[in-house]
Amino acid sequence: MTARDVLAYATGSVLGYRARTLLTLLAMGIGVASVVMLTALGEGARRYVTGEFQSLGTHLLIVLPGRSETTGGSPPLLGETPRDLTLDDALAMERSRAVRRVAPIALGSAGVSYREREREVMIIGSTEAFLDVRHLRMSSGRFLPAGDPRRASPVCVLGAKVKRELFGSEPAIGRWVRIGDRRFRVVGILASEGRSIGLDTEDVVIVPVAAAQALFDSYSLFRIMVEARSEEAIPRARKDILRIVRERHEGEDDITVISQDAVVATFDKIFTALTLTVAGIASISLIVAGILIMNVMLVAVSQRTSEVGLLKALGASSGAVLRVFLAEATILSLVGAAAGVAVGYTAIGFVDHAYPLLSLVAPPWAVAAAVLVALVTGLVFGVVPARRAARLDPVAALTGR
Amino acid sequence: MIRFRHAQRFFAVGDQVVRALDDVNLDIGAGEYAAITGPSGSGKSTLLNAIGLLDRLTDGSYFLEGTDVTHLSDDDLARTRREKIGFVFQFFHLVPRLTAAQNVELPLILSDVEPNARRGRVEESLESLGLADRAHHRPNQLSGGQRQRVAIARAMVTRPQVILADEPTGNLDRASGLDVVEILEGLNRDGITLLVVTHDGELADRAARRIRMVDGKIASDTGSAEQP
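Rules used throughout
Residues numbered from 1 in each chain as written. Chains lettered and ligands numbered in written order. Predicted model: local features only at pLDDT ≥ 70, side-chain atom pairs only at ≥ 80, totals over all residues. Helix = DSSP H or I, 4+ residues; strand = E, 2+ residues; numbered from the N terminus. Buried ≥ 20, exposed ≤ 12 C-beta atoms within 10 Å, placed from the backbone. Contact = placed C-beta atoms within 7 Å. Core = buried A, V, L, I, M, F, W, Y, C linked by C-beta atoms within 7 Å. pLDDT = per-residue confidence, 0-100. Nonpolar A, V, L, I, M, F, W, Y, C, P; charged D, E, K, R; others polar. Pairing = 2+ DSSP bridges. Expected span 1.5 Å × (residues − 1). Arc of directions from axis to C-beta. Axes fitted to C-alpha atoms, helices over the stretch in contact; angles between N-to-C directions. Parallel < 35°, antiparallel > 145°, perpendicular 65-115°, else oblique. Left-handed = near helix turned anticlockwise from the far one by under 90°.

Peer 1: Hey, could you run me through the overall build of chain B in this one?
Peer 2: Across its full length, chain B holds seven helices and 10 strands. When burial is assessed residue by residue, chain B has 48% of its 228 residues classed as buried. In chain B, once contacts between residues fewer than 6 apart in sequence are set aside, the share between residues at least 24 apart is 69%.

Peer 1: Sorry if this is basic, but what is going on with the overall build of chain A here?
Peer 2: Counting its secondary structure elements, chain A contains 12 helices and 12 strands. Buried residues in chain A amount to 44% of all 401 residues.

Peer 1: Could you clarify how one ought to interpret the nonpolar core in this entry?
Peer 2: For soluble globular proteins, the rule of thumb is that nonpolar side chains tend to be buried together. In this structure, V32(A), V36(A), A370(A) and I163(B) are the most contacted members of the largest nonpolar core, which totals 129 residues. Counting residues per element, this core draws most heavily on helix α10 (residues 318-354) of chain A, which supplies 13 residues. Apart from residues no more than four positions distant in its own chain, A370(A) is found in contact with V32(A), V35(A), V36(A), L286(A), A337(A) and G340(A). Among the nonpolar cores identified, the runner-up in size contains 61 residues, and V63(A), L131(A), V209(A) and V245(A) belong to it.

Peer 1: Please explain the confidence of the model for chain B as it appears in this structure.
Peer 2: It should be kept in mind that the predicted coordinates are not to be read in detail where pLDDT is low. Residue and element names in this part refer to chain B. Mean pLDDT over chain B: 91, with 98% of residues reaching 70 or higher. Per-element confidence in chain B ranges from a low mean pLDDT of 90 for helix α7 (residues 201-206) to a high of 95 for helix α3 (residues 100-110). For this predicted complex, the interface confidence comes out at an ipTM of 0.90, alongside a pTM of 0.69.

Peer 1: How should the interface of chain B and chain A be read in this particular structure?
Peer 2: The parts lose accessible area when they come together, and the size of an interface is often stated as this lost area. In this complex, chain B contributes 20 residues to the contact, which on the side of chain A involves 19 residues. Here the side of chain B that touches chain A takes six residues from helix α2 (residues 74-84) of chain B, the largest share from any one element. When the residues that make up the side of chain B that touches chain A are grouped by side-chain class, the tally is nine nonpolar, three polar and eight charged.

Peer 1: Can you help me understand the sheet that holds strand β4 (residues 59-64) of chain B in this one?
Peer 2: Within a sheet, neighbouring strands are paired by backbone hydrogen bonds and run either parallel or antiparallel to one another. With antiparallel pairing, four strands are arranged side by side in an open sheet as β2-β1-β4-β5 (chain B). The open sheet has two edge strands, β2 (16-28) and β5 (67-68) of chain B, and neither has a second partner.

Peer 1: What should I look at first to understand the environment of M37(A) in this one?
Peer 2: All names here are of chain A. For M37, the location among the structural elements is in helix α2 (residues 18-54). Each C-alpha atom of the pair M37 and V361 lies 8.7 Å from the other, and the pair is 324 residues apart in sequence. In this structure M37 touches G344, A347 and I348, once residues within four positions along its chain are discounted.

Peer 1: Could you clarify how one ought to interpret the pairing of strand β6 (residues 85-88) of chain B in this entry?
Peer 2: Within a regular strand, side chains alternate between the sheet's two faces. All names here are of chain B. Neither face of β6 is left uncovered, since the one carrying I85 and F87 and the one carrying G86 and V88 both have all their residues buried. When β6 meets strand β7 (residues 162-166), the two strands line up parallel, connected through four bridges. By the bridge assignment, V88 is partnered in β7 with A165.

Peer 1: Which parts of the structure should I look at to understand helix α4 (residues 115-128) of chain B?
Peer 2: Residues and elements named next belong to chain B. Here α4 contains 14 residues, and its C-alpha end-to-end distance of 20 Å stays within 8% of the 20 Å for a straight helix at 1.5 Å per residue. What α4 keeps buried is the set R118, R121, V122, S125 and L126. In a view along the axis of α4, the buried residues occupy a sector of 130°, so they form one face of it. Within α4, the exposed residues directed more than 90 degrees away from the buried face are N116, A117 and G120.

Peer 1: Where do I start with the sheet that holds strand β3 (residues 33-37) of chain B in this structure?
Peer 2: All names here are of chain B. Read from one edge of the open sheet, six strands run β6-β7-β8-β3-β9-β10, paired in mixed fashion. Every interior strand has two partners, whereas the edge strands, β6 and β10 (217-222), have only one. Neighbour-to-neighbour, the strand axes of this sheet turn through a mean angle of 20°, independent of strand direction. The sheet strands contacting helix α6 (residues 174-189) are β3, β7 and β8 (193-197), and the helix crosses β8 at an angle near 150°.

Peer 1: Just checking my understanding: could you explain the packing of α2(A) against α10(A) for this structure?
Peer 2: Any two packed helices are characterised by the angle at which their axes cross and by the distance between the axes. All names here are of chain A. At a minimum axis separation of 6 Å, α2 and α10 run at an interaxial angle of 45°. In terms of orientation, α2 and α10 fall into the oblique class. Handedness of the α2/α10 crossing: right-handed. Classifying every residue of the contact of α2 with α10 by side-chain character gives 17 nonpolar, eight polar and no charged.

Peer 1: Quick question: what am I supposed to make of the pairing of strand β6 (residues 176-179) of chain A here?
Peer 2: Residues and elements named next belong to chain A. Because side chains alternate across β6, one face comprises the buried residues V177 and I179, and the other comprises W176 and R178, none of which is buried. Direction of pairing for strand β2 (residues 99-114) relative to β6: antiparallel, over a ladder of two bridges. Across the sheet, residue S113 finds its bridge partner in β6, namely R178. Between β6 and strand β7 (residues 182-190), which pair antiparallel one after the other, the connecting turn spans two residues, and G180 there sits at a positive phi close to 60°.

Peer 1: For this particular structure, what's the right way to read the environment of I183(B)?
Peer 2: Residues and elements named next belong to chain B. Of note, I183 is situated in helix α6. I183 gets classed as buried once you count the C-beta atoms within 10 Å, which come to 20. Sequence spacing of I183 and R149 is 34 residues, and the spatial spacing of their C-alpha atoms is 8.3 Å. Discounting residues that sit within four places of it in the chain, I183 has contacts with L129, R149 and I152.

Peer 1: Can you help me understand the environment of A30(B) in this one?
Peer 2: Residue and element names in this part refer to chain B. Relative to the elements of secondary structure, A30 occurs in the loop between β2 and β3. The exposure class of A30 is exposed, given the 12 C-beta atoms found within 10 Å. In this view, A30 contacts M1 and T193; residues no more than four positions away in its chain are not counted.

Peer 1: Got a minute to help me understand the packing of α2(A) against helix α11 (residues 364-391) of chain A in this structure?
Peer 2: Residue and element names in this part refer to chain A. Two numbers describe how α2 lies on α11: the axes approach to 9 Å, and their chain directions differ by 160°. Judged by the angle between their axes, α2 and α11 are roughly antiparallel. Taken as a pair, α2 and α11 cross one another with a handedness that is right-handed. Taking contact as the criterion, the partners of M28, G31, V32, V35, V36 and T39 in α2 are, on α11, A366, V367, A370, V371 and A374. Per-class residue counts for the contact of α2 with α11 are nine nonpolar, two polar and no charged.

Peer 1: What's the story with unusual backbone geometry in this structure? I'm lost.
Peer 2: What is expected of a backbone is that most residues other than glycine have negative phi and most peptide bonds are trans. Look at D217(A): it is not a glycine, yet its phi comes out positive at around 50°. Taking the C-beta count within 10 Å as the criterion, D217(A) has 8 such neighbours and is therefore assigned exposed. A positive phi angle is found at L53(B), which is not glycine, with a value near 60°. Secondary-structure assignment places L53(B) in the loop between α1 (44-51) and β4.

Peer 1: Even after reading the chapter, I still don't get α6(B), so can you show me in this structure?
Peer 2: One turn of an α-helix holds 3.6 residues; hence residues three or four places apart share an orientation. Residue and element names in this part refer to chain B. Given a rise of 1.5 Å per residue, 16 residues ought to cover 22 Å, and the 22 Å separating the end C-alpha atoms of α6 matches this to within 8%. Those residues of α6 not exposed but buried are G177, V180, V181, I183, L184, L187 and N188. Viewed along the axis of α6, the buried residues span an arc of 160°, placing them on a single side of the element. Of the exposed residues in α6, those oriented more than 90 degrees away from the buried face are R174, A175, E182 and R189. Among the structural elements, β3, α5 (144-156), β7, β8 and α7 are those in contact with the buried residues of α6. Positive backbone phi, approximately 110°, marks G191, located one or two places after α6.

Here is the structure:
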């Protein structure tokens, strides 16, 4: 029996027993589709998060007060009380040739009011460098003015939502708002960009760093964002920052410098692990589908005992019978896997259309692995029924014993 | 053509041993037409299965065309069946999902005959049995007589040397049965050795040779050249 004939005969059986075939295809299809969809979700989340971080620029360094040996993790919450990071520390960092921009950040929350309207908002104190470092855009007006950061100019930039809430459709540029107990003139409105790495850029007010320090009566900085001149300059910039701060902090290494790529790499690892985990969970359904194929094929063998007996009487070797049944299992697995991939991609298309932000992409390795696992599962679980068929005694099979 | 020497076939049924073939010595020449008769359980089907290489002897020897086939491997048994033997069964044993032509084609597929040659031989077989217009019908669209004729077409399509028919008329009305018997006898006249297991005395009487089995032994063998 040639391979072509085995394939044709097995295809005939697959098409001949439609209910059985549809059930098996359904099980295998759901298994493969779930692997494709879940890995696409994991991969989409990974791309989204790393993309968000990368959108900040790949040569960014974040300086936090307090020492931590781990890069990419959260800053130390407890432990030693480090020396505060100050505005002078930030300005000193500008001395490094490897550094392009320094944006000191003071953070707090205060009530912002305009006439009778008031809103509790996050206040960011920084310099004009913040706009470029965070890749923010203006919708109108201008950003914080350049000049001596130690000078607490009474100007502010509003997030789009703050502007909307306080001013409605009224123009806000040039108006005075009250933040805490001080008055600030609105000089610009940020463009509407949604959330960006834990910061809702629509619901903030940005003021000069010295003004924020005065407002919160604190001269320590929340963190300092430093942009290196290039990706190659990052190690040099990090070394310079550590040296400058050590000199200023009486020889103490009491800051943590996190590089952007370390953060990205960490998230990348987390989401890759997550994707692998969901792929593993989804693979269980492939195993279940394999068991279903075995069950269906076992039933097929017992239903088709007399057919097997006939094939043997007509001169089919045990090997030929084995190949026919294995071919059936393979066809069911392959077609099921193909259907699963098609369903998976269709579902991804729908989700992608509904939530374009996620940009779901099924990783090729996951699709290949799902199809491979489906095929191997079908074959492995197809072996037992196929061997049973091949071993049938022709006389017993023909007489239905 | 077919030679059995001290052939034995035992089956264990519970604690008991059933002697389905008990020291059977038998010679059947090429082109013979023999009917194997006997009561139920007498061993006639076991004898036919052993001749057809579907079953192995427990003891004794079997020569087919002078070759000892007693201890052939399963694959060699399958090959010998493909090349030399055609079967006709009481219950037709047609594959329900295949058409008449596809059922007839099966032995040719198993023998690795080229697809083009297959088509020609299938058409030829069906036509010789008056089934050309039924080629694309499935078994459930055919009458009992037509089904058995398809089964005969399938048995003869490989041009075997022996056709073994187990109760070929057992499931047919009288007219269809007679039709089937005449077809089989026609094949015998063309030189194919024909062995028919039957309960039907009238059918047995048409055979040149009648072998009667009782309790696994040959009780009588009439009409043969060697044992008149």
